[in-house]
Amino acid sequence: MIILKAEDITVGYTEVDILHDVGIRVKSGEIVSIIGPNGAGKSTLLKTIFGILKPRNGSVTLKDEDITGLNPDKIARKGISYVPQVENVFPSMTIQENLEMGAFIRDDDYSQRIDEVYDLFTVLRERKKQKVGHLSGGQRQMVAMGRALMLDPQVLLLDEPSAGLAPVLVSDIFEKIMEINATGVAMIIVEQNAREALKMAHHGYVLAMGRNVLDDKGEALLANEEVGRLYLGG
Amino acid sequence: MAELIVYGIVLGSIISLGAIGLSLVYGILRFANFAHGDFLTAGAYVALFMVTGVLSWIGIPDNTFGSLSFGWRMVIAFPISMVVVGCVAIALDRILYRKLRQKGSGAVMLAMSSLGAAFIIRMIILIIWGADSLFYRPGLMRPALEVPLGIKIRPDQILILFVVLFLVVLLHLFLKKTKMGKAMRATADNMELALISGINTERIIIWTWGIGGALAAAGGILYGIDVQLHPYMGWNFLIPLFAATILGTIGNIYGALIGGLTIGIAQQVSTAFLLPTYKLAVAFIIMILILLIRPKGIFGKE
């Protein structure tokens, strides 16, 4: 079943379009990785799906509901969470408070959800009173993902989760992403680390110059010679 | 010297109340609100209007508490004035700053418009009350108590310290314990992420102005009790307010508290060596020194 669908997206920050008629489909429970060179518009696509940018043309559909052009807080309520690439935590607040802010729009008792997030990121539980600004890059990324998970999203959008992390931490984060996915959360991951991203992915999309170039199963894209040469560094 | 330090703490606690509000607004909206000093003035005069006007008409007795210089009228006027000035600050944002923000005006444009707002508030006060210094209770003798170390301090001043302490603790609890308070800190930390988390940042901005205005009003009234009321009182506080805010790192309310106390003590102690008229220059010099040496303040990360 297709849970999230973006079709014919044309969008830009100014009058210049960054994306031209881009489309993407995510089935429920799937990891979809988007790869492509710098400036391909990968992050722009995530921002458009989450309502931070309003598309000039095209539509975003969650399940059967048109969510095109809604504001981020509305989209968060519908079941999509987004982790930006940078500045994705509240640095002067504690880990616990960051998670509480993730649950800001929940009016019910979310203490169980906080527990589940701490079960996933056990290292955070030990430090829940610590300010996030004092944490390492890997732990910050965990806080960022934990914050986004507080709403129990159906779809999680991750923008470059491995950016700026030491290689040993990168595999940690990817492992956590697999664990989150195993709980049934569908994901769209934008990654520079294309090979790793495709290994995890059920489905992969290649974007270049703001257009769809190719899409296929993750392993099929990995095996594709042209993709290997152009986008995976040989 | 000990006496000057104590007077500095009293002055500094009043500066802190203004600086905390300035810092809250600056932390979230990233512009220097030059009208903040005039919120102090407005607070002092709204309380005057209540004490000598409304509350005397409705027959609230005029007696004072023990050796303090005020009584029930001020107790009632104080919170009312805080609410009124809080609403003035919110209204100013709605009709002026918000419009400019939506049109994409930069920080300089907003700061300039706040300068205009400051003039308007001050001129309204000048038109109504005139340019003379006023007192909540004219002609009252205000005896000082002797406390150890030969320090002379008036009961009013001791009370001022307790009121400031009470308000700061209240604000601390609000920011640390309540959902709205935490959302306010989150918005100051990272507005974009606050929006992404579904926090209604426009509502947070309203709260921020309300609290900032109310605290400024409290500062103004306390200064009026301690010294006197004057249409330029808040304007003269502006440099100490900014010095305290920058010293304590913009956006950090605990920093603003420490910054306020530091500036207050420095200003009072300087009168041992300099003419009292140089007090403002002392605050200004401290501000310049911070900007040169540690522009992000004592709590800022380099």
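A brief look at the structure comes next.

How each quantity is defined
Residues numbered from 1 in each chain as written. Chains lettered and ligands numbered in written order. Predicted model: local features only at pLDDT ≥ 70, side-chain atom pairs only at ≥ 80, totals over all residues. Heavy atoms only, no water. Contact = heavy atoms within 4.5 Å. Buried area = accessible area lost by both parts, 1.4 Å probe. Salt bridge = Lys/Arg side-chain N within 4 Å of Asp/Glu carboxyl O. Polar contact = N/O pair within 3.5 Å; in protein donor to acceptor, adjacent residues only side chain to side chain. Helix = DSSP H or I, 4+ residues; strand = E, 2+ residues; numbered from the N terminus. Nonpolar A, V, L, I, M, F, W, Y, C, P; charged D, E, K, R; others polar. Expected span 1.5 Å × (residues − 1). Bend = angle between axes of the 7 residues up to and from the residue. Phe/Tyr/Trp six-rings, centres within 6.5 Å; stacked < 30°, edge-to-face > 60°. Buried < 20%, exposed > 50% of the residue type's maximum accessible area, 1.4 Å probe, protein only.

**Looking at the interface of chain B and chain A**
- Facing 17 residues of chain B, the contacting portion of chain A comprises 23 residues.
- Both sides of the chain B and chain A interface together cover about 1700 Å² of buried area, and 60% of this is carbon and sulfur.
- On the surface where chain B and chain A come into contact, there are three salt bridges.
- Across the pair K182 of chain B and E100 of chain A runs a salt bridge whose closest N-O atoms are separated by 2.4 Å.
- The interface formed by chain B and chain A includes eight residue pairs in polar contact (both at pLDDT 80 or more).
- Secondary structure elements with two or more residues in the side of chain B that touches chain A: α6 (179-189) and α7 (191-196) of chain B.
- Top contributing element to the side of chain B that touches chain A by residue count: α6 of chain B, with six residues.
- Grouping the constituent residues of the side of chain B that touches chain A by class yields seven nonpolar, four polar and six charged.

**Some points on helix α3 (residues 72-102) of chain B**
Residue and element names in this part refer to chain B.
- If you check α3, its first and last C-alpha atoms are 44 Å apart, about what 31 residues at 1.5 Å a residue would give, namely 45 Å.
- At D93, α3 shows its strongest bend, of approximately 45°.
- Just beyond α3, the residue with positive phi is G104, at close to 80°.

**Brief notes about the packing of aromatic side chains**
Residue and element names in this part refer to chain B.
- Under the criterion given, the structure shown has nine aromatic pairs over all chains.
- Ring centres 6.3 Å apart and planes at 45° place the aromatic pair F31 and W209 in the tilted group. Highlighted residues: F31 in the loop between α1 (2-29) and α2 (36-57) and W209 in helix α8 (residues 201-226), separated in sequence by 178 residues. Neither F31 nor W209 differs from the other in exposure class; each is buried.
- Ring plane angle 50° and centroid distance 5.4 Å describe the contact between F34 and F242, whose orientation is recorded as tilted. Linking F34 in the loop between α1 and α2 with F242 in helix α9 (residues 233-247), this pair joins segments that are 208 residues apart in sequence.
- Following the ring pairs from residue to residue traces out a cluster consisting of F31, Y97 and W209.

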